[in-house]
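As a plain string of letters, each chain reads:
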Amino acid sequence: MSYIEILKKPDVKNNLRVERAISNLTQEELAKKISVSRQTINAIESGKYVPSTVLALKIANVFGKHVEDIFMLEKKD
Amino acid sequence: MLYIHQNFYFMQNKLLLPHKWKRIGWIILIPSFVFGLYLIIFGIENVHLNARTFAILDIEILKDTKIFSFISTNISATIAGSLFITGSLLVGFSKEKVEDEFISNLRLTSLLWAVLVNYILLLFAFLFIYGLPFFDVMVYNCFTILIFFIVRFNYVLYRNFKKAGREK
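Right, let's walk through the structure included here. (Residues numbered from 1 in each chain as written. Chains lettered and ligands numbered in written order. Predicted model: local features only at pLDDT ≥ 70, side-chain atom pairs only at ≥ 80, totals over all residues. Heavy atoms only, no water.)

### Description of the pattern of salt bridges
Per the stated rule, a full pass over the model turns up 6 salt bridges over all chains. Salt-bridge contacts for K32 of chain A lead to E28 of chain A; the nearest nitrogen and oxygen are separated by 3.6 Å. Placement of both K32 of chain A and E28 of chain A in helix α3 (residues 27-33) is noted, with a separation of 4 residues, approximately one turn of the helix. The shortest N-O distance in the salt bridge between K22 of chain B and E96 of chain B comes to 3.0 Å. Here K22 of chain B is found in helix α2 (residues 20-42), whereas its partner E96 of chain B is found in the loop between α3 (76-92) and α4 (101-128), with 74 residues between them in sequence. Of the two residues, K22 of chain B and E96 of chain B, both sit in the buried class. (Salt bridge = Lys/Arg side-chain N within 4 Å of Asp/Glu carboxyl O. Helix = DSSP H or I, 4+ residues; strand = E, 2+ residues; numbered from the N terminus. Buried < 20%, exposed > 50% of the residue type's maximum accessible area, 1.4 Å probe, protein only.)

Quick look at the structure:
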C-alpha cells in the first residue's frame, strides 16, 4: 500500500446517507442534533473525513443504532 | 472524563480568537495586500511615506549605524508588512462560526500543507535563484506561509460548502 493511497482513502465505510434518508433528516438537522457544522456531515458522507469515536457514537445514538451498523471498517489486504 | 481528542480540540479553543476577529482581519488584510502589491510593482522608493519612527537597529549604506533611536525613514514597507501580517494572523487564527472536530482537523492539516509547500518552494528558490532576485524571494517568503494556510483552509471549506449546498 503506497503512501499516496493511505493519504487518499480513510478505511472506513459508512451508510450515513441511507440512515439519514430512512429517518428523514436533512444534513442541517442532523448537524444541529449533534452540535457540529453541516460541512462535517457532508465530509463524513463523502468519505472525506472519518469522525472521532465520540462523534460516531453521537451519530449512532441519533438513529438508535450501534456504531458498527453505520460505520464499517473496510477490509484491506 | 475528558477524551484525548477533546483535549486537542479544546486546546484550539484556547489558542484561537473569537469569530468576530475574522471579519476585522479581512478588513485589515485586503487593503494591506493591495498596498503591498502596489509597492512591489511601483517600487518602495517611489512611494513617499516618510516619518520619524523608533528603530532598535538601523544600518544603512553610507550612514552611521543607529541603535535604539529615532530615525526618519520611508515606512511604506513597514506599514504594508505589519498590517498584512496582523490581518493574516487575525484571519487565520480566529474561530469559525461553528467549531467542531472536522474544522479543527482541517486547520491543522492546512497548516501542515502550507509549511510543506512553502519550504519546498523556498528550497527550489535557494537552489535556482541567485543575486538580487533572491532578496525578493526572502521578502515574499515572510508572507507566503500565512497566505498558503489561509488559501488552503478556506478553499477546502468552500469546496465542501458548495458540495453541501447541492445536497439536501
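Still more to cover.
### Comments concerning the packing of helix α2 (residues 16-23) of chain A against helix α4 (residues 38-45) of chain A
All names here are of chain A. It is the contact of α2 with α4, at a shortest axis distance of 9 Å, that shows an interaxial angle of 120°. Judged by the angle between their axes, α2 and α4 are oblique. Taken together, the residues of α4 that come into contact with α2 (itself represented by L16, R17 and R20) are I41, I44 and E45. Its residues placed into classes, the contact of α2 with α4 shows 3 nonpolar, no polar and 3 charged. (Axes fitted to C-alpha atoms, helices over the stretch in contact; angles between N-to-C directions. Parallel < 35°, antiparallel > 145°, perpendicular 65-115°, else oblique. Contact = heavy atoms within 4.5 Å. Nonpolar A, V, L, I, M, F, W, Y, C, P; charged D, E, K, R; others polar.)

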